[in-house]
Amino acid sequence: MFQLQAEYSVLPKWQKLLNLISLNFQLPVALIMRLDGDWIEVFMKCNSAENPYILGHKEKLDGLYCNEVILSQKKLLVPNALNDKDWNNNPDIALGLISYLGYPLFYPNGDVFGTLCILDKKENAYSDKIDNLLKDIKKLIELDLKAFYEYDYKREALEEKIFNTEGILSNETLLKTELRLNEKGQLLNQLKRYHTKNLTDDLNYKNLISNLKSAFVIFKPVFDKNGNIFDAEYIDMNTYNEKIIGFKKSEVIGKTILDVFPETEKEWFNKFTTVVANNHHLKFEMYHSPLKSYFNVNAFPTDEGNFAVVYDDVTDYVNAREKEAVSNFNYRQLFDKINTAIEVYTPIYDFNDQIIDLRYVDMNPLNEEIIQLPRHKVIGKTLMEVFPGTEPEFFSHFDKIKKVNETHQFDIFYAPLNMYLSCSVFKLQDNTFVLTYNNITERIESFRKLRESERRHKAIFQDSGSIMLLINPLNGKIVDANHAAINYTGYPRDVLLSMNIDQINISKKEHLAEEMMKVSKGEKNYFEFQHRIASGEIRNVEVYASSFEENGLKLLHSIIFDVTEKKKAMSESLKFSAIIEKAPVSVVITDKEGVIIYANKQNEILTGYSPNELIGKKTNILKSGKTPMVEYEKLWNTILSGKIWDGEFYNRKKDGSYYWELATIAPIYDKIHDRLNFVRIGKDVTERKEMEIELLHAKAKAEESDRLKSSFLSNLSHEIRTPLNGILGFSDMLQDDKLPKEKRKMYGDIVDASGEQLLMIISDLVRTSELESGTLSIKNSMFQIKELLEEVKDFHFETCASKGVNLFIKHDSFSCNDFISDRKRIRQVLDNFINNAIKFTQEGKIELAAKRINGSILFSVKDTGNGISKEDQRIIFERFRQVEGDDSIVNEGNGLGLYINKEIVELLGGEIWVESEFGLGSTFKFTVKRRDKIDF
């Protein structure tokens, strides 16, 4: 297996090639991958910002595109891996890369070096142009690999083909260098025949190297402990080498390369190691930093373990080659990316020296896009072969410049493409013609449509039933008038077009000029004027005006509406305004669109908006957003049908507050029954609506209270009967003298428990009565919170233990201090909470806690029971309310416990609340403020 060394001149070139194909075809990824056993390594990559691969990264071959390329040793194309089940699990898909084109790369002996591939984030079948370029790059890389063992000029030809696909290098520097290298090759063949021990003493040898027009050196290798050459001693050299290195032979013989040139790159000695270790000839091209030059090198071993080097300075050649490639590449890029279609032809003449056809020589990508044919299918063919319908007129434009050095421009409709083209044609020195053109079909069509639009708008202007005038704002001259304007004014057309607008509009000239300038500047477009028509009658008009340009002249387009009758009707309606203004109800008048034109004083009192603030606004200024849109739709459907609408609004005042309004809305018609306006009469009924709402709430609450009370009495009857039955029943059984002692004790315990249950019910009822009558007393004493918590825990510990529930307390250091409040009432609240917790907790724990918050104590009882829903949390502190537990829990109690707790906590100056999620347990919390003194 051959190993590639990191040569200075090859790798930068490969990098340029990857960047070239990525940049030119907008591909995010171009890679050279190197095979390493069952792994493959990212050897080189393009510099695209979208390239996600990391240099040196290795990955197992299984499942990769590259594995298929290496196994088949053929090209692989995957246009879209997402549509190909064979590649569904390919790792590259995770990077967003779904299309792939790759070729294998081979060493000179046929072993696989790796792959050359490109990938894209979108579906891509890769054009022939991309495919051909990738194949050329593959050949060049393989020739570079081969160049380490055999110098081959085909490499330069391929470089030229890739960097400048159309050009041929003719630079004098390149030709001279190649001739010198050929001559050197012949002399080297002779040198390699002198492999004898007395090589330096042979006269023929000395004559040969002295006549060699290349630098010649014999070195003795210096090895490191691993057998690799890390330096070399000068044994002999010719005069040409002295010129290149700048030292005489006598100055360097006996010294090593690193003695003379300490900064010599390690890669040079790697090459020399290959020559000596493998005992074969090696040709390569490499840059030498100390001498700042590129050298073309031939190295071969001698019989004494030494090696000889013959080399030439090819710096000018390399620079010229790269400069030529970059220059040609830049021109090609410009040719390919220019935003104008380009075609290059050679002319075909008839016997009369007239151009009758053109043969394609070249074209740019934009031209390919326009003619919808790829370049490779057109080049070499004639225009008539590709587009047989080309008219002779097209060729006549080329005839015009065949004997003159000038550019000819013309526009033409090119039938084969069904396009209008704007063309330029000129001739090159080699008698080829260049045609550049742009597709102007859209521009021509737009112009035609514009003319059609102008004709149509002219017809609309003349035939419109609305009165229209075109006016010059600079002098007020009437430029045009439609038929409706002629009929309205009563002037003949020729007379009207000879007049100024101030001869019709009775406003002062200065005022009229100012108003026309406002229209020109776009500051105003609506006016109310009075016009004097031909009969001498004065008419009231509304004018809507806008400005536009025609042939560079700014004109005003005025649409005039005669509102004389409307004004009269409005005047008559306003006679009643005094009455309406003093009315005790809100009155609002709107136009047909709902724009307010009048509002009385009572409306200002109702809404907070003055008439000036409302006029010109739509009635939706009062919308609260709380009335459904369907109500407004019903309203408009009713009044637009000519009917009267009665109903209620929930509106918003100017200050943001809301109010209820009882309103009646009716249409107003003129004499010929055309609807002119709408009138709304409204009254504030907020107090009435609030009273109705309160009554409804009170009724609902009373009904709910009645229901709860009935439920309470039913529960209470059950709650009282149950312990009474226990007391009466088991008391009767206790009178039996023959009753065994064990049963007597058990029955006695049942009687005691029933009595305690009955006492608790009566106590709850008594406390509720005291709370409602305000007779429940609070008596403050001094005690320690810690002792109270431990007392409560001890009291309930056995009950909890019997259910397998762990009861524990938690408090801070403050709990050991004295605290003043009603200890008895706090104990009652805690007992109630713990009893509930025990009832609803089947397993887990109950935590009784207290901590100081500012000047108060926060008590909490936390359980791991069923929890309480959000809906129940809002009502559980009300009288007679009970929370439904799960089916396994008997719903005991009278619904007063939490109500009593709430009332006691509030009497103690605290707050009470619950934190719970259904199924996750509950935490009941309340605060108690510290009192200032003890009650004796």
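Residues numbered from 1 in each chain as written. Predicted model: local features only at pLDDT ≥ 70, side-chain atom pairs only at ≥ 80, totals over all residues. Heavy atoms only, no water.

**Some details on the overall build of the chain**
The helix and strand inventory of the chain stands at 29 helices and 33 strands. Sequence-distant contacts in the chain: of pairs separated by 6 or more residues, those separated by 24 or more amount to 53%. As displayed, the chain offers around 51,600 Å² of accessible surface, 52% of which is attributable to carbon and sulfur atoms. (Helix = DSSP H or I, 4+ residues; strand = E, 2+ residues; numbered from the N terminus. Contact = heavy atoms within 4.5 Å. Areas by Shrake-Rupley, 256 points an atom, 1.4 Å probe, with all protein chains shown as cover.)

**What to know about the nonpolar core**
Judged by nonpolar contacts, the single largest core of 39 residues is most densely connected at Ile-826, Leu-830, Phe-859 and Phe-926. Elements that contribute at least two residues to this core include exactly α26 (785–803), β28 (805–811), α27 (823–840), β30 (844–853), β31 (856–863), α29 (897–907), β32 (912–916) and β33 (922–929). Sort the elements by how many residues they give to this core and α27 lands first, with 7 residues. With 27 residues, the next largest nonpolar core counts Tyr-360, Phe-410, Ile-412 and Phe-433 among its residues. (Core = buried A, V, L, I, M, F, W, Y, C linked by side-chain atoms within 4.5 Å. Buried < 20%, exposed > 50% of the residue type's maximum accessible area, 1.4 Å probe, protein only.)

**Some points on unusual backbone geometry**
Positive phi, normally seen in glycine, also occurs at Tyr-126, with a value near 55°. Considering the arrangement of structural elements, one finds Tyr-126 in the loop between β6 (112–120) and α3 (128–147). On the accessibility criterion, Tyr-126 (8% relative accessible area) is buried.

**Observations regarding the pairing of β32**
Alternating positions in β32 separate cleanly, Ile-912, Val-914 and Ser-916 being buried on one face and Trp-913 and Glu-915 remaining unburied on the opposite face. Bridge analysis of β32 against β33 gives 5 bridges, and the strand direction is antiparallel. When the sheet's bridge partners are listed, Ser-916 is paired in β33 with Ser-922. The turn joining β32 and β33, which pair antiparallel and follow one another in sequence, is formed by 5 residues; a positive phi near 90° is taken by Gly-919. (Pairing = 2+ DSSP bridges.)

**Considerations on a positive patch on the surface**
The grouping of Lys-810, Lys-845, Lys-851 and Lys-862 at the surface amounts to a positive patch. A relative accessible area of 41% places Lys-845 in the partly exposed class. (Patch = residues over 30% accessible without salt bridge, like charges linked within 9 Å, V, L, I, M, F, W, Y side chains within 5 Å. Salt bridge = Lys/Arg side-chain N within 4 Å of Asp/Glu carboxyl O. Lys, Arg positive; Asp, Glu negative; His and termini not counted. Charge placed at Lys NZ, Arg CZ, Asp CG, Glu CD.)

**What about the pattern of salt bridges?**
Here the structure, examined in full by the defined rule, presents 31 salt bridges. Close ionic contact of Lys-601 with Glu-604 constitutes a salt bridge, the shortest N to O distance being 3.1 Å. Taken together, the residues span about one helical turn, with Lys-601 and Glu-604 both in helix α21 (residues 601–607) at a distance of 3 residues. For Glu-604, a relative accessible area of 23% puts it in the partly exposed group. Notably, a salt bridge pairs Asp-822 with Arg-825, separated by 4.0 Å at the nearest N-O pair.

**With respect to a negative patch on the surface**
A cluster of acidic residues, Asp-684, Glu-687, Glu-690 and Glu-694, forms a negative patch on the protein surface. Summarising the element assignment, Glu-687 is placed in helix α24 (residues 686–734). A relative accessible area of 66% places Glu-687 in the exposed class.

**Thoughts on the packing of α27 against α29**
Where α27 contacts α29, the axes come no closer than 10 Å and their chain directions differ by 150°. When the axes of α27 and α29 are compared, the pair comes out roughly antiparallel. Once α27 is placed against α29, the crossing between them reads as left-handed. Across from Arg-825, Gln-828, Val-829, Asn-832, Phe-833 and Asn-836 in α27, the residues of α29 making contact are Gly-897, Leu-898, Asn-901, Ile-904 and Val-905. Of the residues assigned to the contact of α27 with α29, the class counts are 5 nonpolar, 5 polar and 1 charged. (Axes fitted to C-alpha atoms, helices over the stretch in contact; angles between N-to-C directions. Parallel < 35°, antiparallel > 145°, perpendicular 65-115°, else oblique. Left-handed = near helix turned anticlockwise from the far one by under 90°. Nonpolar A, V, L, I, M, F, W, Y, C, P; charged D, E, K, R; others polar.)

**As for the sheet that holds strand β7 (residues 215–223)**
Overall, antiparallel pairing links the 5 strands, which are arranged β8-β7-β11-β10-β9 in an open sheet. Across the chains shown, the open sheet's two edge strands, defined by having one partner strand only, are β8 (229–237) and β9 (282–288). Each strand of the sheet is rotated relative to its neighbour by a mean of 35°, with strand direction disregarded. Two strands pair when backbone bridges link them, and β7 and β8 are joined in this way by 7 bridges, in the antiparallel orientation. Within β8, the position partnered with Ile-218 by the bridge is Asp-236. Strands in contact with helix α10 (residues 266–278) are β7, β8, β9, β10 (293–301) and β11 (307–313); relative to β9, the strand with the most contacts, it is inclined by about 170°.

**Some thoughts on the environment of Met-419**
Here Met-419 is to be found in strand β15 (residues 419–427). Measuring from C-alpha to C-alpha, the distance between Met-419 and Asn-439 comes to 6.7 Å, with 20 residues separating the pair along the chain. Dropping the residues within four chain positions of it, Met-419 is found in contact with Ile-370, Ile-412, Phe-413, Tyr-414, Asn-439 and Thr-441.

**Considering α29**
When you tally the buried positions in α29, you get 8 out of 11 residues, the bulk of the element. Along α29, the positions that sit buried rather than exposed are Gly-897, Leu-898, Tyr-899, Ile-900, Asn-901, Glu-903, Ile-904 and Val-905.

**Regarding the confidence of the model for the chain**
Averaged over every residue, the pLDDT of the chain is 82; residues scoring 70 or more account for 82%. Across the chain, element-level confidence peaks in strand β5 (residues 99–106) with a mean pLDDT of 95 and bottoms out in helix α5 (residues 172–191) with 45. Low pLDDT, under 50, characterises residues 1–8; the stretch is placed with 27 contacts to residues that sit more than four places away or in other chains. Under a pLDDT of 50 for its full length, residues 151–157 has, in the predicted model, 18 contacts with residues more than four places off or in other chains. (pLDDT = per-residue confidence, 0-100.)

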